Amino acid sequence: MKSAFGNVLLVVSFLLQVCSAHAAQDILTVTPEDNHEQINSAIDKAQSSIEMVMFHLSDLESVDHLIAAQKRGVQVRIILDEKLVQKGSAAQIKDHLVAEGVDVRSSPPGFSIMHEKAMVIDKKTALISSINLTRNGAFTRDFGIFTSDTGVINEMGSVFESDWSNSSMQLVPPTPQLSNEKLAWSPVNSKEKILALLDSAKKSISLEVENLGSAEIIAMLQKKSHEGIAVTVLVPLCVEGGMDQKRNVPFLKDLAASGVKALAAVSPYTAENPYIHAKAIVVDSQAVFVGSENLSHNSLDLARELGIIERQPDITAKVESIIKADFRRGISGDALDSASCN
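One numbering rule holds for all chains: residues counted from 1, following each sequence as written. Given that this is a predicted model, residues contribute local features only at a pLDDT of at least 70 and side-chain atom pairs are listed and counted only at 80 or more, while totals for whole chains, interfaces and linings are drawn from all residues. Based on all heavy atoms of the structure, the side-chain values leave hydrogens and waters out of the count.

**Describing the sheet that holds strand E11 (residues 261–265)**
In a beta sheet, neighbouring strands pair by backbone hydrogen bonds and run either parallel or antiparallel. Note: two strands are recorded as paired if DSSP finds a minimum of 2 bridges between them. A helix here means a DSSP run of H or I that spans at least four residues, while a strand means a run of E at least two residues long, and both kinds are numbered starting from the N terminus. Taken together, 7 strands build an open sheet; the order of strands is E8-E15-E14-E13-E9-E10-E11 and the sheet is mixed. The sheet is open, and its two borders are formed by strand E8 (183–186) and E11, each paired with just one other strand. Across the sheet, the axes of successive neighbouring strands diverge by a mean angle of 15°, strand direction being ignored. Sheet contacts for helix H7 (residues 215–226): strand E9 (204–209) and strand E10 (230–236); angle to E10, the most-contacted strand, approximately 145°. Between N-to-C directions, angles span 0 to 180 degrees; the directions come from axes that are lines fitted to C-alpha atoms, helices contributing only their stretch in contact. Here a residue-residue contact requires only that any non-hydrogen atoms of the pair lie within 4.5 Å.

This is how it looks when you write it as structure tokens:
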């Protein structure tokens, strides 16, 4: 009897663990509201391992949190963009991390850029985001999702190990087999997954992103607008970095001609009027995409990127409410040409 009773207790305990894991809620982090506080807090809670991929890493406070984790015995491994770390402050920060015992590698040069912004902590918690750990988080719009989804974590771990071991490979390294329906990876399947998400819209698409440019994405947004779907797109009028700061404007005009509500965010950028660096899509108020992927050819077809498609109602509603608030500050029409990039 004792043995049978013990078996019952084991079964009940197992079922409770399964139900608890299933009920675990993913968590949204938003900049500039949260800045990097939730990310730094997650780093501080690490007990055994941190696997991070980060395009820009220049926030010295976050660097200090990573070094502190390494010093208390956490295995910290970081992949940084191969081109960025060749000079300037990025190279200095990489050297500083290495000097403090953190294991840092440059990304495989076969990718156009390593634009992913993600990490896995203790093989138990993952972050997928558009958040660079830079010092301008206080006036930049970005989203990130923390998840304890085992399938997500396992696939992220598999890709990390591949990119880590292939960091010196000159060609685009092979990506391990991908099967998780929530994750969108560039240059493998992100374009197809984002197109499918957009095409699933029955009522509305709300979207904000730093860079447009993918012909397939533009065509899909035009198609959905012609079908009577309410499509609203917000991008920065003047993209930071590069020569052609107003490169989004022609795409906005093409979208507007198809009935899309095409808007541009303008400076000066503040906590109340943030620079749109986010890559976020909400479809029918039911599904949300958050990740590192811009809607450009380079981002979807050539770079290493990671995004996640979520259907958790509270996260979807929160992202949509923030995007709609950002929409109200956007400009459109003739104002796109008259506004300057000063």
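**Details of the nonpolar core**
As used in this record, nonpolar core signifies buried Ala, Val, Leu, Ile, Met, Phe, Trp, Tyr and Cys residues forming a set joined through side-chain atoms within 4.5 Å. Whether a residue is buried, partly exposed or exposed follows from its accessible area with a 1.4 Å probe, protein chains only, as a fraction of its type maximum: under 20%, in between, or over 50%, in that order. Among the nonpolar cores identified, the biggest contains 34 residues, and Leu 198, Ile 205, Leu 207, Leu 212, Leu 221, Val 233 and Ile 281 are the most heavily contacted of them. Secondary structure elements with two or more residues in this core: helix H6 (190–199), E9, H7, E10, helix H8 (249–257), E11, strand E13 (279–283) and strand E14 (287–291).

**Observations regarding unusual backbone geometry**
Cis rather than trans, the peptide bond between Thr 31 and Pro 32 has omega equal to 10°. Inspection of the secondary structure assignment puts Pro 32 in the loop between strand E1 (27–31) and helix H2 (37–45). The linkage connecting Ser 267 with the following residue, Pro 268, adopts the cis geometry, with an omega of 5°. Looking at where Pro 268 falls in the secondary structure, it is placed in the loop between E11 and strand E12 (275–276). With a phi close to 55°, Asp 122 is a non-glycine residue in the positive phi region. If you trace the backbone, Asp 122 turns up in the loop between strand E5 (117–121) and strand E6 (125–129).

**Some remarks on the pairing of strand E3 (residues 75–80)**
In terms of burial, E3 is largely enclosed, as 5 of its 6 residues are buried. Looking at chain direction, strand E2 (residues 49–54) and E3 are connected through 6 bridges and run parallel. Within E3, the position partnered with Glu 51 by the bridge is Arg 77. Read as a crossover between parallel neighbours, the route from E2 over helix H3 (residues 60–71) to E3 is right-handed. In terms of strand pairing, E3 meets strand E4 (residues 103–106) through 4 bridges, oriented parallel. Along E4, the bridge assignment pairs Ile 79 with Arg 105. Between the parallel pair E3 and E4, the chain is carried across by helix H4 (residues 88–99), and the sense of this crossover is right-handed. For crossovers, right-handed means that the path from the first strand over the helix to the second runs clockwise, given strands pointing away from the viewer.

**A word on the environment of Lys 94**
Inspection of the secondary structure assignment puts Lys 94 in helix H4. In this structure, the C-alpha to C-alpha distance between Lys 94 and Ile 78, residues 16 residues apart in sequence, is 9.5 Å.

**A word on the layout of surface pockets**
Only protein atoms enter the 1 Å grid used here, on which a cavity is any set of points holding a 1.4 Å probe that cannot leave and a pocket is any open set flanked by protein within 12 Å on both sides along at least five of seven lines; residues with an atom within 4 Å of a point are listed as lining. Grid points are joined across faces, edges and corners, and a volume is the space filled by probe spheres set on the points. Each pocket or cavity is described by its volume, and for the largest pocket that value is around 670 Å³. Around the largest pocket, the lining is made up of 36 residues, and of these Phe 55, His 56, His 115, Asn 132 and His 277 lie nearest the centre. Ranked by residues supplied to the lining of the largest pocket, first place goes to H4 with 3 residues. Residue composition of the lining of the largest pocket, grouped by class: 12 nonpolar, 19 polar and 5 charged. Of the pockets and cavities examined, the second largest pocket occupies roughly 370 Å³. Counting residues per element, the ones that place at least two in the lining of the second largest pocket are H2 and strand E7 (140–147). Broken down by class, the residue content of the lining of the second largest pocket amounts to 6 nonpolar, 7 polar and 4 charged. Basically, the charged four are Asp, Glu, Lys and Arg, the nonpolar ten are Ala, Val, Leu, Ile, Met, Phe, Trp, Tyr, Cys and Pro, and anything else, Gly included, counts as polar.

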